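# Residue-level structural notes
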Amino acid sequence: MDDINFLKNKKVIVFDLDGTIVNLTADWPTLKNILKKRYIELYGDSCEFWSISGCLSEIVNKNDEQELLNFFDIIRTYEMKHIQDTTPIEEIIYFIKHKEQFGVKGETKLAILSLNTRRTIKKSLELVGIEDFFDLVIGREDVRSWKPNPEGLIMIKNHFNLQKQEMVFFGDLENDIETGKNAEIDVYFIDVLIDLVKRKIN
Ligand SMILES: [Mg+2]
């Protein structure tokens with residue numbers, strides 16, 4: 001992306017968290033195993049455990065909201081275990097603090113759409129000193145259909161009363177790109193922004 005003007009007309013810029021703004025250090029395979037074991041004990045069959053979201057979706061399908069909240073608690077506790085080891089992705093921290101240098105209007109709002117729990121998001125943003133830059137955070141607990149389902153992006157769109165073309169989403173995974181496509185909202189890999197910042201500050 002050579003043209004920094006691609007962000008000029010955006011009213012809200014949405015970021016994924018892990019791998020996009022910071023790097024978290026939770027042991028995801030162990031967490032998956034804990035959740036998988038609990039699911040089998042509760043329901044007697046194995047959830048389609050291709051991802052944590054896949055398993056949570058099965059609990060949603062069973063209409064077991066109380067157990068869903070229990071799963072959120074387990075995930076939150078696990079994510080917070082190593083939260084102090086969170087590291088910033090420096091170029092993106094720079095972008096967030098100096099967005100006007102990249103053709104972004106001062107009034108443009110920033111939001112987060114993440115599969116991490118709200119406490120993890122809030123704490124990791126605090127640890128890298130950017131908690132005050134975001135107007136809206138949509139975490140694991142806030143939706144019932146997770147990325148690549150567009151629910152979270154649509155929620156952000158409705159919250160700010162936006163047209164789809166007034167938003168853009170950045171993430172680090174193909175799953176994020178799929179989410180943007182499913183919501184029909186502009187979406188880019190975060191590398192696009194990292195390269196833009198590198199060119200600007202070097
Ligand atoms: Mg990510």
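Residues numbered from 1 in each chain as written. Predicted model: local features only at pLDDT ≥ 70, side-chain atom pairs only at ≥ 80, totals over all residues.

### A word on the sheet that holds strand β4 (residues 109–113)
Strand order in the open sheet formed by 5 strands is β5-β4-β1-β6-β7, and the pairing between neighbours is parallel. Pairing within the sheet leaves two strands with one partner each, and these edge strands are β5 (136–138) and β7 (186–189). Adjacent strand axes in the sheet meet at a mean angle of 20°, parallel and antiparallel pairs treated alike. Lying on the sheet, helix α7 (residues 174–183) is in contact with β6 (167–171) and β7; it crosses β7 at an angle near 170°. (Pairing = 2+ DSSP bridges. Helix = DSSP H or I, 4+ residues; strand = E, 2+ residues; numbered from the N terminus. Axes fitted to C-alpha atoms, helices over the stretch in contact; angles between N-to-C directions. Contact = placed C-beta atoms within 7 Å.)

### Here we look at helix α1 (residues 28–43)
For an α-helix, 3.6 residues make a turn, and residues three or four places apart therefore share a direction. For α1, built from 16 residues, the straight-helix expectation of 22 Å at 1.5 Å per residue is met to within 8% by its first-to-last C-alpha distance of 22 Å. Remark: Gly44 follows α1 within two positions and exhibits a positive phi of approximately 80°. (Expected span 1.5 Å × (residues − 1).)

### Description of the pairing of β6
Regular strands have side chains that alternate between both faces of the sheet. Among the 5 residues in β6, 5 count as buried, and that is most of the element. Taken together, the 4 bridges between strand β1 (residues 12–15) and β6 define a ladder with parallel strand orientation. Bridge pairing in β6 places Ile13 opposite Val168. Note that β6 and β7 share 4 bridges and pair parallel. (Buried ≥ 20, exposed ≤ 12 C-beta atoms within 10 Å, placed from the backbone.)

### Focus: the domain arrangement of the protein chain
You can read the domains of the protein chain as domain 1 (4–23 + 86–201) and domain 2 (28–81). When each unit is reduced to the centre of its C-alpha atoms, the spacing between domain 1 and domain 2 is 26 Å. Opposite the 10 residues of domain 1 that make contact, domain 2 presents 8 residues. (Domains from an automatic or database assignment.)

### Considering the nonpolar core
Ranked by size, the top nonpolar core spans 41 residues in total, and within it Val14, Leu113 and Phe169 carry the most contacts. Split by domain, the residues of this core number at least three in each of domain 1 (4–23 + 86–201) and domain 2 (28–81). (Core = buried A, V, L, I, M, F, W, Y, C linked by C-beta atoms within 7 Å.)

### So, the environment of Thr87
Tracing the sequence through the fold places Thr87 in strand β3 (residues 87–88). Look at Thr87 and you get exposed, because 12 C-beta atoms sit within 10 Å. Linking Thr87 and Glu67, residues 20 residues apart in sequence, is a C-alpha distance of 32 Å. In this structure Thr87 touches Val22 and Asn23, once residues within four positions along its chain are discounted.

### Observations concerning the packing of helix α4 (residues 90–97) against helix α8 (residues 190–201)
To characterise two packed helices, one gives the angle between the axes of the helices and the distance between these axes. Packing of α4 against α8 brings their axes to within 9 Å, and their N-to-C directions diverge by 75°. On the basis of their axis angle, the class for α4 and α8 is roughly perpendicular. In this structure, α4 contributes Glu91, Ile92, Tyr94 and Phe95 to the contact, and α8 contributes Ile190, Leu193, Ile194, Val197, Lys198 and Ile201. Looking at the contact of α4 with α8, its residues break down into 8 nonpolar, no polar and 2 charged. (Parallel < 35°, antiparallel > 145°, perpendicular 65-115°, else oblique. Nonpolar A, V, L, I, M, F, W, Y, C, P; charged D, E, K, R; others polar.)

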